[in-house]
Structures are given as structure tokens and as C-alpha cells.
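Next come the chains, spelled out residue by residue.
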Amino acid sequence: MKTKIQNALVPILAVAIALLIGAGIIAYLGENPLNAYYYLFKGAFVGDRAIARTLLEATPMIFTGLSVLFAFKAGMFNIGGQGQVIMGGLAAAAVGAFVQNIGINNLFVVLILSGLAGFAWAAIAGYLKAKLGVHEVISTIMLNYIAMSFEQYALNYPLKEGGIMGPSPQTPPVMLASRLPQLLPSTKEALNVGFILAIIAAIVVWYIFEKTILGYEIKAVGHNPTAAENAGVNVARITALSLGIAGILAALGGAERILGGVGQYTYRQGIMASYGFDGIAVALLGKNSPVGAVLAAILFACLRVGGRAMQFNTTIPSQIVIILQSIIILLIAAENMFKFFLERKKVSE
């Protein structure tokens, strides 16, 4: 119980300290920190439109945060979330916009195919790790670059609206049967059922790790692969499967951007932003907990959405939000480093 309380306090303290440091920077810039933070949180949470924007921004980060923590549980660092997000989004756009059969471009079928695209992409790194010992950090980074290049090719050639001579590098809109229903259509924001799916995904991930044999085996491999193998766990299978499932989660985040209407139901350049990399920060701040990942994603979304409102109402640049996020991540990382050095000290004594 004491350890759980400490784990919950660490991210809270990290956020509090980051806000205090940010307040100092804001004061140095000549603004009132309380006034600035008022506009920040008002812009993120006051009113239906503000809440819709925040939850919409949080949705892909929940998926990618879950993806990173799923791999973490197996002792792996999934840097490839960005590539998996891209592949999931491209699969959703390709099937949802170009396949005419209503049975195939059905929403559930498109989501399944998008998840499979992410699974296949991430499983490449999983296979290389399991069979050849290739470190997942290296392979997933390389797969990110391949996915980004493939994205440019797909948007400018086979998936481009109007063919190669079309007006801009984007896909046609996905068909009505493939679109995620809107949650708050009156706000004219694109908040969609994808947020509900992200919450369901968090519950499923929690259930896997807390209630299933698969979750136990994944955690066993993450803690000590040699001991897990001696206990009869197929380490190679668990390694590849864990990264594959992580790929599914990230890919669903990419599919939500397309099927939810964020870019008018099209895949456009830049629509995936840096959500795959944001998942790393979300998992770290959430202390590798599904509930923590949801809360961390909402916090980061609050900073981004509220940061734009703060910039509009004050002279403070929105880049202050990036500074706050960076400080939070540094404090979380520092906490882990302190634990590492303290444990080494105890061993040496």
C-alpha cells in the first residue's frame, strides 16, 4: 500500500513542481502566473467545447500511452509508436475511402484491419527481438522512418485524392459506414466514440495484466526472462506478441484520427502529429498504469488546448506548455534515477 501511495504521489509532485517553475518563468515574462493558469485551465475545461477539444486531443495519447506501457510490462521500450500510428491511420484511410463493399468498409471491420496493420508493423520488431536478439529500440526507430517515408509515398501516389495530379497530398474522405459517431455534435468539435474506445482499451489492458495468464506471463518476462523461461514461459512468443499488441493499441489511435473526422475524415499530412512519441511521456507520467495513462493523457491534452487559450488571452507564448511538459518528464525520469542510485547504494553496503 505504501509503495502504491508513493507511486501516485510522484507524478502529482512532478506536475506541481513543474507548474511552480512555469509560474516563475511566466512572472519573469511580465505576466501574472495565476492569471495565465486561469486562462490555461479555463481554455481546457470550462464549457462543452473546451472539454470536447481536450478529450479529443487526449484520445490518441491514451492509445499510444497504453501501447508504450504494454511493451514496458514485457521489459521492452516501444519507440515505434509513431510508425504504428501512421500505419493504422493509413490502413483506415485506404479501406474506409477506397473499398466500396459496405461489408468491408464497415466501421468495425476497418478498426480491426487498422489494428492488424499496427500489429504486423510492430511484430516485425518483436520477431527481430525474439529470434535474432535485435534491440527493439533500434528496430522500432528504423521502422518509424520507414513508416514516415511510406506515408509520404502513399499520400502522393496510390492514396492521393484525385490521383497523382490531385490538388493536395491527402486521401479522399472515408465513407459514412466507416466513420466513428460524434459524441458532442452540438459543439462542432470532432470528439467521437474513439474516446470511449480508448477508455475501453485501458480497461482491457488493466484486465489483461491483473486477471489473465497472458498478463502474468508478460510481466514475468519483463521482470526476468531467464526465470520466466525456466518456469515454462515461451519468452520468444511473449516478446513478439507483446510488441504486436502494443502495435494494435497505437494503430487504433491513428485510425481514430481518420475515422473520427479530425481531418474531415481524410488522411492529411501532419494529422498524426507526434502522438506516437507523446505516448512515451504519457506512460512515464502514468507510472505504467492504465488509469495513470488516461489521466496523464488528459493532463497533456489540457496543457496543449489550454495553452492556446492562454496565448490568445495573454502575451505568453504557447511554447511555455512544451517547457512544462519537458519539466514534468525530467522530474519523472529523475525520480527513477534516484531510485536506481539508491538501490545500487544498498547493494554495495
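**Q** Can you walk me through the overall build of the protein chain in this structure?
**A** Check the secondary structure of the protein chain and you find 13 helices and zero strands. Going from the N terminus to the C terminus, the protein chain shows its helices and strands as α-α-α-α-α-α-α-α-α-α-α-α-α. Here the C-alpha radius of gyration of the protein chain, 21 Å, is about what a compact globule of 349 residues would show, namely 20 Å. With the principal axes as the frame, the protein chain shows a C-alpha extent of 70 × 60 × 35 Å.

**Q** Sorry, what's going on with helix α12 (residues 290-313) here?
**A** In an α-helix, one turn spans 3.6 residues; hence positions three or four apart end up facing the same way. The end-to-end C-alpha separation of α12 is 34 Å, in line with the 34 Å expected for 24 residues at 1.5 Å each. Approximately 25° is the largest bend angle found in α12, and it occurs at Gly306. Most of α12 sits inside the fold, with 18 of its 24 residues counted as buried.

**Q** Looking at this model, I keep getting lost on a nonpolar patch on the surface. Mind explaining?
**A** On the surface, Leu9, Ile12, Leu13, Ile17 and Ile21 cluster together into a nonpolar patch covering about 440 Å² of accessible area. Following the sequence through the fold, Ile21 ends up in helix α1 (residues 2-28). The exposure class of Ile21 is partly exposed, given its relative accessible area of 38%.

**Q** I keep staring at the packing of helix α3 (residues 48-73) against helix α7 (residues 194-211) and nothing clicks. Help me out?
**A** A pair of packed helices is captured by two measures, namely the crossing angle of their axes and the spacing between those axes. Packing of α3 against α7 leaves a shortest axis separation of 9 Å and a crossing angle of 20°. In terms of orientation, α3 and α7 fall into the roughly parallel class. Crossing handedness for the pair α3 and α7: left-handed. Contacts from Leu55, Thr59, Ile62, Phe63, Leu66, Leu69, Phe70 and Lys73 in α3 reach Gly194, Phe195, Leu197, Ala198, Ile199, Ala201, Ala202, Val205, Ile208 and Phe209 in α7. Residues that form the contact of α3 with α7 fall into these classes: 15 nonpolar, two polar and one charged.

**Q** Where do I start with the packing of helix α8 (residues 213-223) against helix α10 (residues 235-259) in this structure?
**A** Running from amino to carboxyl end, α8 crosses α10 at an angle of 105°, the nearest separation of the two axes being 10 Å. Considering the angle they form, α8 stands roughly perpendicular to α10. Where α8 abuts α10, its residues Leu214, Glu217, Ile218 and Val221 lie against Val235, Arg237, Ile238, Thr239, Leu241, Ser242 and Ile245. The class makeup of the residues in the contact of α8 with α10 is seven nonpolar, two polar and two charged.

**Q** For this particular structure, what's the right way to read the nonpolar core?
**A** Buried together is how nonpolar side chains tend to be arranged in soluble globular proteins. In this structure, Leu66, Phe70, Ile258, Leu259, Tyr267 and Leu285 are the most contacted members of the largest nonpolar core, which totals 97 residues. The leading source of residues in this core is α3, at 12 residues. Contacts of Leu259, omitting those with residues within four sequence positions, involve Ala92, Leu107, Val110, Leu111, Val174, Ser178, Arg179, Leu180 and Tyr265.

**Q** Just checking my understanding: could you explain the packing of aromatic side chains for this structure?
**A** One pair of aromatic rings is described through two measures. These are the centre distance and the angle between the planes. This structure, assessed with the given rule, holds five aromatic pairs. Through a chain of ring-to-ring contacts, the aromatic side chains of Phe150, Tyr153 and Tyr157 assemble into a single cluster. Between the NZ or CZ atom of Lys73 and the centre of the ring of Phe209, over which it lies, the distance is 5.7 Å. Stacked on the ring of Tyr265, the Lys or Arg Arg179 has its end atom at 4.0 Å from the ring centre.

**Q** How should I be thinking about helix α11 (residues 275-285) in this particular structure?
**A** Burial analysis of α11 places nine of its 11 residues in the buried class, which makes it a mostly covered element. With its phi angle positive at about 55°, Lys287 sits one or two positions after the end of α11.

**Q** Is there a simple way to explain unusual backbone geometry in this structure?
**A** Phi is mostly negative for residues that are not glycine, and the peptide bonds are mostly trans. Positive phi outside glycine occurs at Lys188, with the angle close to 60°. Position of Lys188 among the secondary structure elements: in the loop between α6 (136-156) and α7. Phi is positive for Asn288, which is not a glycine, with a value near 55°. The exposure class of Asn288 is partly exposed, given its relative accessible area of 27%.

**Q** Is there a simple way to explain the pattern of salt bridges in this structure?
**A** When charged atoms on two side chains of opposite charge get close, those side chains can pair. By the definition in use, this model includes seven salt bridges. Glu136 is the partner of Lys129 in a salt bridge, and the nearest nitrogen-oxygen pair spans 3.0 Å. Using a relative accessible area of 27% as the deciding quantity, one classes Lys129 as partly exposed. By relative accessible area, Glu136 is classed as buried at 2%.

How each quantity is defined
Residues numbered from 1 in each chain as written. Predicted model: local features only at pLDDT ≥ 70, side-chain atom pairs only at ≥ 80, totals over all residues. Heavy atoms only, no water. Helix = DSSP H or I, 4+ residues; strand = E, 2+ residues; numbered from the N terminus. Rg over C-alpha atoms; globule rule 2.2 N^0.38 Å. Expected span 1.5 Å × (residues − 1). Bend = angle between axes of the 7 residues up to and from the residue. Buried < 20%, exposed > 50% of the residue type's maximum accessible area, 1.4 Å probe, protein only. Patch = residues over 30% accessible without salt bridge, like charges linked within 9 Å, V, L, I, M, F, W, Y side chains within 5 Å. Areas by Shrake-Rupley, 256 points an atom, 1.4 Å probe, with all protein chains shown as cover. Salt bridge = Lys/Arg side-chain N within 4 Å of Asp/Glu carboxyl O. Axes fitted to C-alpha atoms, helices over the stretch in contact; angles between N-to-C directions. Parallel < 35°, antiparallel > 145°, perpendicular 65-115°, else oblique. Left-handed = near helix turned anticlockwise from the far one by under 90°. Contact = heavy atoms within 4.5 Å. Nonpolar A, V, L, I, M, F, W, Y, C, P; charged D, E, K, R; others polar. Core = buried A, V, L, I, M, F, W, Y, C linked by side-chain atoms within 4.5 Å. Phe/Tyr/Trp six-rings, centres within 6.5 Å; stacked < 30°, edge-to-face > 60°. Lys NZ or Arg CZ within 6 Å of the ring centre and 35° of its normal.

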